[in-house]
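# Observations on chain architecture
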Amino acid sequence: MGKKKKERERAEREAEEQEIANLELVNGDSNEKKQKKKKRKNKEQNDVESYETPTVSIALPGSIIHNAQSLELATRLAGQIARAATIFQVDEVVVIDNKATSVDESELLMEENSSDDNESGAAFLIRILRYLETPQYLRKRLFPKHNSLRFVGLLPPLDAPHHLRKHEWAPYREGVTLKDQAPDLAGTLVDVGLNKNVLIDKGIEPGTRVTVAMGSNRNLDTGLTYQVVPSSRPRDDARMYWGYKVRYASNISAVLSGCPYKGGYDHLIGTSEHGVAIKSSELSLPSFRHLLIAFGGLAGLEECIEEDNNLKGKDVRELFDLYLNICPNQGSRTIRTEEAVFICLQYFQESISRVRDMHKKI
Ligand SMILES: C[S@@+](CC[C@H](N)C(=O)[O-])C[C@H]1O[C@@H](n2cnc3c(N)ncnc32)[C@H](O)[C@@H]1O
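Residues numbered from 1 in each chain as written. Predicted model: local features only at pLDDT ≥ 70, side-chain atom pairs only at ≥ 80, totals over all residues.

By the naming in an unreviewed UniProt entry, the chain goes by RNA methyltransferase and is assigned to Cinchona calisaya. As its UniProt record puts it under Sequence similarities (unreviewed entry), the chain is described as follows: "Belongs to the class IV-like SAM-binding methyltransferase superfamily." (UniProt positions renumbered as here; feature names shortened; annotations may be inferred.)

### What about helix α3 (residues 71-87)?
Spanning 17 residues, α3 covers 24 Å between terminal C-alpha atoms, matching the ideal 24 Å at 1.5 Å per step. Taken together, the buried positions of α3 are occupied by Ala74, Thr75, Leu77, Ala78, Gly79, Ile81, Ala82, Ala84, Ala85 and Thr86. Looking one or two residues beyond α3, the residue adopting positive phi is Gln89, at roughly 55°. (Helix = DSSP H or I, 4+ residues; strand = E, 2+ residues; numbered from the N terminus. Expected span 1.5 Å × (residues − 1). Buried ≥ 20, exposed ≤ 12 C-beta atoms within 10 Å, placed from the backbone.)

### Brief notes about the sheet that holds strand β4 (residues 188-191)
Within the open sheet, the five strands sit side by side as β5-β4-β3-β6-β7. Their pairing is antiparallel. Every interior strand has two partners, whereas the edge strands, β5 (198-200) and β7 (227-229), have only one. When the angles between neighbouring strand axes are averaged without regard to direction, this sheet yields 55°. Here strand β3 (residues 172-177) runs beside strand β6 (residues 209-213); their pairing, made up of five bridges, is antiparallel. Each bridged residue has a counterpart across the sheet, and for Arg173 the counterpart in β6 is Val212. (Pairing = 2+ DSSP bridges. Axes fitted to C-alpha atoms, helices over the stretch in contact; angles between N-to-C directions.)

### Overview of the confidence of the model for the chain
With 83% of its residues at a pLDDT of 70 or more, the chain shows a mean pLDDT of 87. Predicted confidence for residues 25-48 stays below pLDDT 50, and this span has 20 contacts to residues more than four positions away or in other chains. (pLDDT = per-residue confidence, 0-100. Contact = placed C-beta atoms within 7 Å.)

### Here's the deal with the environment of Tyr265
Mapped onto the elements, Tyr265 comes out in the loop between α8 (252-257) and β9 (267-276). Sequence separation between Tyr265 and Arg289 is 24 residues, and the spatial gap between their C-alpha atoms is 7.4 Å. Look past the residues within four positions of Tyr265 in its chain and what remains in contact with it is Ser57, Leu256, Cys259, His290, Leu291 and Leu292.

So, in structure tokens, the structure goes:
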């Protein structure tokens, strides 16, 4: 094995260990300390995500929600993005807010004062995408009632591999740590959507979503403690698609600067009718580790760049490694973003698979 690869793997294992350590609670923390810790934990979790397999991220503006004429239609639109991301095994969906300067997600939520109505397009899209990605059995605990979720029951489910039913067994399960703990137990009880809660070997704050390694023994009465693993583990070790993460980016420069992967995105693709047309059979992607495909809103990516103070005077072609027109013979004057996401992800499917297969062989 090459020295570089070994070093990369060591760095990735360290980042994984850090992700788990961030979840742990130190006994005897005060509430305030716990809150601070939770904030720090969220930040740190966003900061470094370790993935061995190549990742695919898409970025798109939350403003596309404003084109929908009712809450129900907006919900359906968000549902389409979630379906596309799942069907094409996207690892990360970045929702762009087209703000001139940078703010982070907590500032956005504070601005909106967490009001039940009038959520911005970005906040709405993030909420629906996260809700749909969460296995059904965890939703009640992780998502308080909210007006924006009123029509979410109408949407087709994502049916992703981590959305497991009670009778199904898989090497990993998503779970949520519980408030009620048996007093004599050292670890934390976790609801993983089975008939019985499982005990993990770490102290983790209640209400935290975790990925649990389930092993192969289906008997839950053995008294075994289970292990929490990084959410990237099912993908890296079992080659299972394990859903997407959703990230807020106040503008397009924040999409890049806030990249959660070590080393950042190493191949950037912009999509537009103004891009170059290349047949999908002739497209060859470099052996990327973290690919980003960006979509624009009503006025395209060019406007997203113009509105971003950090990118003043930049041309789209400078920002992206490839600026592609994926449907050169379009019959409609415009392709809507939600349609473009499906068309583009299908267009890239083969070239992305080739890169993923290459990494499998290494
Ligand atoms: C309503 S269109 C914006 C129209 C704009 N003139 C443009 O730059 O394509 C919304 C988004 O859909 C995607 N899109 C639309 N037509 C496309 C095409 N022919 N090829 C690739 N992406 C396209 C782009 O991401 C675009 O920003």
